[in-house]
Amino acid sequence: MALYETILTKNFDAQQQAFSLEPSDTTATEGSALTLFCTVSDRAGIVTWIKGASTPISVNDRIIDTSNTRFSITGDLTSEFNLRITNANLTDAGAYTCQVSAAGSSSEIVSQPATVTILNVQKFTNEPADTTGAGDSTVTLMCQVSNKEGFLSWRRDGTVISNETRITNSNPRFSIVGDRAAGEYNLQIIAAQESDEGIYECFVTAHGSSRYIESRSAFLSVISSGSQRLTIVPSDTIATEGTTTQMRCKVADKAGVLSWLQNGQAISFDNAVSLADERYSIVGNNTEGEFYLQISDLGEDDQGTYHCIVNAEGNNDAISSSGANLIIRPAESPDAIYPQCFMTPSGDLQEGDNVTLSCLSRGGAPQPELFWLKDGQDFTSNMVQFSSYTRNDVNIVLNNDLIGTVFECQATHPAYSSTKVCTLDPLIFELVPTINVELDTEILKILEKEAGSVICSATGDPTILGYAWYYNGVEIIDSDQRFVIETSGSSQSTLTITSASLSMDESVISCEARNRIDAASVYTVVRIEEDNLFTYILAVLALVGFFVLCVIIIPCIFYYCWKKQNKLNKIRPHDDSESVSSVSKLVQQNYFTEEETRAMPNGSAKKKPKKGSTVISHESEGKMGVPPTVVLRGGKRGSIRSSKPGSARRVSAFQDLYPPEPAMSPVMMNGKKASYDVTTGKLMRNGSILSSKSLAYANNSYGSRRTSFAPSMANGAPPGKQIDERKARELENMRSLANINAGFDINKERRTKKHRSKDEKKHKHKHREHKHDKKSRDHKDKKSKHRKDKH
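Residues numbered from 1 in each chain as written. Predicted model: local features only at pLDDT ≥ 70, side-chain atom pairs only at ≥ 80, totals over all residues. Heavy atoms only, no water.

1. Quick word on the overall build of the chain
Moving on, step 1. Each helix and strand in the chain was counted, giving eight helices and 57 strands.
Moving on, step 2. Each of the 791 residues in the chain was classed as buried or not, and the buried ones make up 39%.
Moving on, step 3. In the chain, once contacts between residues fewer than 6 apart in sequence are set aside, the share between residues at least 24 apart is 62%.
Moving on, step 4. For the chain, the exposed area adds up to about 43,600 Å²; of that, 51% sits on carbon and sulfur atoms. (Helix = DSSP H or I, 4+ residues; strand = E, 2+ residues; numbered from the N terminus. Buried < 20%, exposed > 50% of the residue type's maximum accessible area, 1.4 Å probe, protein only. Contact = heavy atoms within 4.5 Å. Areas by Shrake-Rupley, 256 points an atom, 1.4 Å probe, with all protein chains shown as cover.)

Written out as structure tokens, the structure is:
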């Protein structure tokens, strides 16, 4: 807390940045130089010069438009940031402000605008140049001035020969020509002679706002036509140590060999230099006759007198220029505080930012050479030399590879005994994380008790250093036997779940990739699927069962029904259920016994049987249980026969159903035998009563008990009562006979035992139906008897 208060106190006590000197209005002539001053005390922010409303010119000591060499920032570059403009022109006019950005506890400050006025003054637009003319030809030396205010004159070898348009040397071959309105004051020489050779120049006197101006010097050479001649000759030159200079020489109609002489010693022949010094060379267009001697990195030993000569060849005489002196001035060392290095911007940097490395040197003659090195190695740079200073700016984009890089600037100069160096601090900036992490699945599905894997891959800048896996937020360690982690360098890592359990369902597994500055993670959800093997087996069995049902069982059922239907269609007689029911009723109505009272039989006993009718007689030939006989009209008797052909042969089979019992005749009170009435006989003749053989087989098949038509006398019941009991038993037997299916096929008796058992099973169902019908009829009979008893 104390430290925090101390920091706050220091921040409040710190001085605010302020202007010590602000720029002021300035007027300059076109082509001249001017300076706008800006001095800031306790500077904390960045100093920027602004032209007009929003056009920035510089940032600190760096000019934004590097192509504009006329602008520069001067001063100590700590508190002084003066804007200097050389060779001012009309476009430089306007309002200029100096502003300092906010930094720390200091707020932004902006100076008052300073107005720069550029006066349109006289200046040369065309100046004379070295010229070679043939003898007796016309030669013109050019001189043109814009915004001319003073008086223009020509000089020859330092002597004034004209004033405005008037020639003052009284030579009629000289004249001033050109468009006066355009400022042309050209010197024309007619019939040029060798005596006209010399150095010419024009100048304009100062007047008004225009200062005195003077053109460059031009050498006029006049030669005889048709022979080799020097059109450009070397002139005296003053150069600074360490710089490069040229001594010029040009020859027309060259025939001989051109040589340069240094202090009387030949140092070249045409374009070949004889000195073992790489600093000397011949440059220029040799085919045009240009043979310029160039000397680089001038030193004191290079001073002397130089001549350009061409030796004689054929009809051409040897020619030579006059001696030209080369004077070497000692180099002036740059300011002692230079070179200086700085980076813009220098704070709050992060990866991807553009920064400028600047190296600056001021003063010196010549200007020093500046070079940038990156970690001691040559680095591409852009050096620009101005009249008063030299700078080398490099623009770079910050990336991960530049972290910790050291940049240094070297300055070389003839006055330096050794190279001077300035060094920037190692680059430190914030890196932007670029980690991309991916999993091969968003949902990891695993069967219970099975193994499953997920792959994590990542890329990043800086390089990925490692991976970490988390289970529900807890880092997975190597000792956790539930998991196995395999990492392949920095490219990917694989997590394997050795045996999945239901407790892992809906758990979250995260993969984290990290490098030396950052980390990033992704996650996947685990889904555990239960082992449903039993369910699968049931499903398979159900499918198999459905297949068997559809393909085997159902077709078999249909086939069996079809076959059964066909069989029934072959053997089934006509439906006689109504006849059976009629027989049962008629038996109850027409069965009677004539007693001694000779009572009338119940039913329709009075009716006489029609001709041809048969009557069932219960009289037996010594046994009860033999097939009933039919009493025919006229007293004849016959056995009951089935309606089917051939049933007569099966009468003996009736014995199986009714085995022999003690013979007993029905008890007759009046000596007459009881009989069925004629209607029953009709039904029997129509085939409604079964044959004896069929009856025997049916009773054996369904386990029917043996029934005797004879009433039992063992209990000593009265005859009347015995007769009633006998009638009841006979009625019961007759109902059983009526309920048996008349269509039973006798051929079933010949089947094999196996087939017979199958048929018996089939007939059990029919037997149950017959038994149910019997019970129903018995119930009705009991009700009927109960009603009769009540009556």
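2. Structural notes on the state of the cysteines
Moving on, step 1. Scanning the entire structure with this criterion turns up six disulfides.
Moving on, step 2. Paired by a disulfide, Cys38 and Cys98 hold their sulfur atoms 2.1 Å apart. Across the disulfide from Cys38 to Cys98, rotation about the S-S bond amounts to roughly -65°, and the bridge is consequently left-handed. Residue Cys38 is found in the loop between β3 (34–36) and β4 (39–41), and its partner Cys98 is found in strand β10 (residues 94–100); the two are separated by 60 residues along the sequence. Grouping residues by exposure puts Cys38 and Cys98 together as buried.
Moving on, step 3. Disulfide partner of Cys143: Cys202, at an S-S distance of 2.1 Å. One disulfide, between Cys143 and Cys202, carries an S-S torsion of 80° and so falls in the right-handed class. Residue Cys143 is found in the loop between β15 (139–141) and β16 (144–146), and its partner Cys202 is found in strand β23 (residues 198–204); the two are separated by 59 residues along the sequence.
Moving on, step 4. The exposure class of Cys143 is buried, given its relative accessible area of 0%.
Moving on, step 5. Owing to a relative accessible area of 0%, Cys202 belongs among the buried residues under this scheme.
Moving on, step 6. The connectivity of the disulfide bonds within the chain can be written as 1-2, 3-4, 5-6, 7-10, 8-9, 11-12, using the sequence rank of each bonded cysteine. (Disulfide = S-S within 2.5 Å.)

3. Here we look at a nonpolar patch on the surface
Moving on, step 1. On the surface, Phe546, Phe547, Leu549, Val551, Ile552, Ile553, Ile554, Ile557 and Phe558 cluster together into a nonpolar patch covering about 860 Å² of accessible area.
Moving on, step 2. Along the chain, Leu549 falls in helix α2 (residues 533–571).
Moving on, step 3. A residue is classified by how much of its surface remains accessible, and Leu549, at 37% relative accessible area, is partly exposed. (Patch = residues over 30% accessible without salt bridge, like charges linked within 9 Å, V, L, I, M, F, W, Y side chains within 5 Å. Salt bridge = Lys/Arg side-chain N within 4 Å of Asp/Glu carboxyl O.)

4. Brief notes about the pairing of strand β17 (residues 152–156)
Moving on, step 1. Here β17 lies mainly inside the structure; four of its five residues are buried.
Moving on, step 2. Relative to β23, β17 is paired through five bridges, and the arrangement is antiparallel. Bridge pairing in β23 places Leu152 opposite Val204.
Moving on, step 3. Where β17 meets strand β18 (residues 159–160), two bridges bridge the pair, whose relative direction is antiparallel. When the sheet's bridge partners are listed, Arg156 is paired in β18 with Thr159.
Moving on, step 4. The antiparallel hairpin formed by β17 and β18 contains two residues in its connecting segment, where Asp157 sits at a positive phi of about 50°. (Pairing = 2+ DSSP bridges.)

5. Notes on the packing of aromatic side chains
Moving on, step 1. Evaluated as defined, the whole model comprises four aromatic pairs.
Moving on, step 2. Each ring, one from Tyr471 and one from Phe483, has its centre 5.4 Å from the other, and the planes form 50°; the classification is tilted. Note that Tyr471 is positioned in strand β49 (residues 466–471) and Phe483 in strand β51 (residues 483–488), a separation of twelve residues in sequence. Of the two residues, Tyr471 and Phe483, both sit in the buried class. (Phe/Tyr/Trp six-rings, centres within 6.5 Å; stacked < 30°, edge-to-face > 60°.)

6. A few points about unusual backbone geometry
Moving on, step 1. Cis rather than trans, the peptide bond between Thr344 and Pro345 has omega equal to -10°.
Moving on, step 2. Along the chain, the position of Pro345 falls in the loop between β38 (340–344) and β39 (354–362).
Moving on, step 3. Cis peptide bonds are those with omega within 30 degrees of zero, and the linkage from Ala365 to Pro366 qualifies with 0°.
Moving on, step 4. With respect to the helices and strands, Pro366 occurs in the loop between β39 and β40 (369–374).

7. Focus: the sheet that holds β15
Moving on, step 1. Sheet architecture is open: three strands sit in the order β15-β22-β21, paired in antiparallel fashion. The open sheet has two free edges, formed respectively by β15 and β21 (174–177), since each of these has just one partner strand. This sheet shows a mean twist of 25° between the axes of neighbouring strands, independent of strand direction. (Axes fitted to C-alpha atoms, helices over the stretch in contact; angles between N-to-C directions.)

8. A few points about the sheet that holds strand β43 (residues 389–397)
Moving on, step 1. If you trace the four strands from one edge of the open sheet to the other, you get β38-β39-β43-β42, paired in antiparallel fashion. The open sheet is flanked by β38 and β42 (383–385), the only strands paired with a single partner. Mean inter-strand twist for the sheet, computed between neighbouring axes without regard to direction, equals 20°.
Moving on, step 2. The sheet contact formed by β38 and β39 spans five bridges and is antiparallel. For Thr344, the partnering residue across the bridge sits in β39 and is Thr356.

9. With respect to the pattern of salt bridges
Moving on, step 1. Evaluated as defined, the whole model comprises 13 salt bridges.
Moving on, step 2. With a shortest N-O distance of 2.6 Å, Asp92 and Arg70 are connected by a salt bridge. A residue pair is termed long-range when its members are at least 10 positions apart, and Asp92 in the loop between β9 (82–85) and β10 and Arg70 in the loop between β7 (62–63) and β8 (71–74) qualify at 22 residues. Pair check on accessibility: Asp92 and Arg70 agree, each one buried.
Moving on, step 3. Notably, a salt bridge pairs Asp270 with Lys254, separated by 3.3 Å at the nearest N-O pair. One end of the pair, Asp270, is in the loop between β31 (265–269) and β32 (272–273); the other, Lys254, is in the loop between β29 (250–252) and β30 (258–262), with 16 residues separating them in the sequence.
Moving on, step 4. Here Asp270 falls in the partly exposed class, since its relative accessible area comes to 22%.

10. What about the nonpolar core?
Moving on, step 1. Among the nonpolar cores identified, the biggest contains 29 residues, and Leu34, Leu36, Trp49, Leu83 and Tyr96 are the most heavily contacted of them.
Moving on, step 2. Every element with two or more residues in this core is listed here: β3, β5 (47–51), β8, β9, β10 and β12 (114–119).
Moving on, step 3. Setting aside chain neighbours within four positions, we find Leu83 in contact with Leu34, Thr35, Leu36, Trp49, Ile57, Phe71, Ser72, Ile73 and Tyr96.
Moving on, step 4. Core analysis: the second largest hydrophobic core is formed by 23 residues, Ile435, Leu444, Ile476 and Ile509 among them. (Core = buried A, V, L, I, M, F, W, Y, C linked by side-chain atoms within 4.5 Å.)

11. Some details on the environment of Thr78
Moving on, step 1. Inspection of the secondary structure assignment puts Thr78 in the loop between β8 and β9.
Moving on, step 2. Along the sequence, Thr78 and Val47 sit 31 residues apart, while their C-alpha atoms lie 9.8 Å from each other.

12. Points about the side chain of Asp302
Moving on, step 1. Here Asp302 is to be found in the loop between β34 (292–295) and β35 (304–310).
Moving on, step 2. In terms of polar contacts, Asp302 uses its side chain to reach the side chain of Arg279, at 2.8 Å.
Moving on, step 3. Not counting residues within four places of it along the chain, the set of residues in contact with Asp302 comprises Gln262, Arg279, Tyr280, Ile295, Asp297, Leu326 and Ile328. (Polar contact = N/O pair within 3.5 Å; in protein donor to acceptor, adjacent residues only side chain to side chain.)

13. A short note on the pairing of β51
Moving on, step 1. In this sheet, strand β52 (residues 492–497) lies alongside β51 in antiparallel orientation, the contact comprising six bridges. Its bridge partner lying in β52, Ser488 is registered against Gln492.
Moving on, step 2. Count of turn residues in the β51/β52 antiparallel hairpin: three residues, of which Gly489 carries a positive phi of about 60°.

14. Some thoughts on the confidence of the model for the chain
Moving on, step 1. Predicted confidence across the chain gives a mean pLDDT of 77, with 73% of residues reaching 70 or more.
Moving on, step 2. In the predicted structure, residues 586–680 sits below a pLDDT of 50 and forms 182 contacts with residues beyond four places in sequence or in another chain.
Moving on, step 3. When the criterion is pLDDT under 50, residues 741–748 qualifies, and its contacts beyond four places in sequence or with other chains add up to 19 contacts. (pLDDT = per-residue confidence, 0-100.)

15. Looking at the environment of Glu438
Moving on, step 1. Checked against the element boundaries, Glu438 lands in strand β46 (residues 436–439).
Moving on, step 2. Spatially, the C-alpha atoms of Glu438 and Cys456 are 5.8 Å apart, while their sequence positions differ by 18 residues.
Moving on, step 3. Residue contacts for Glu438: discarding those within four places in its chain leaves Ile455, Cys456, Ser457 and Val522.

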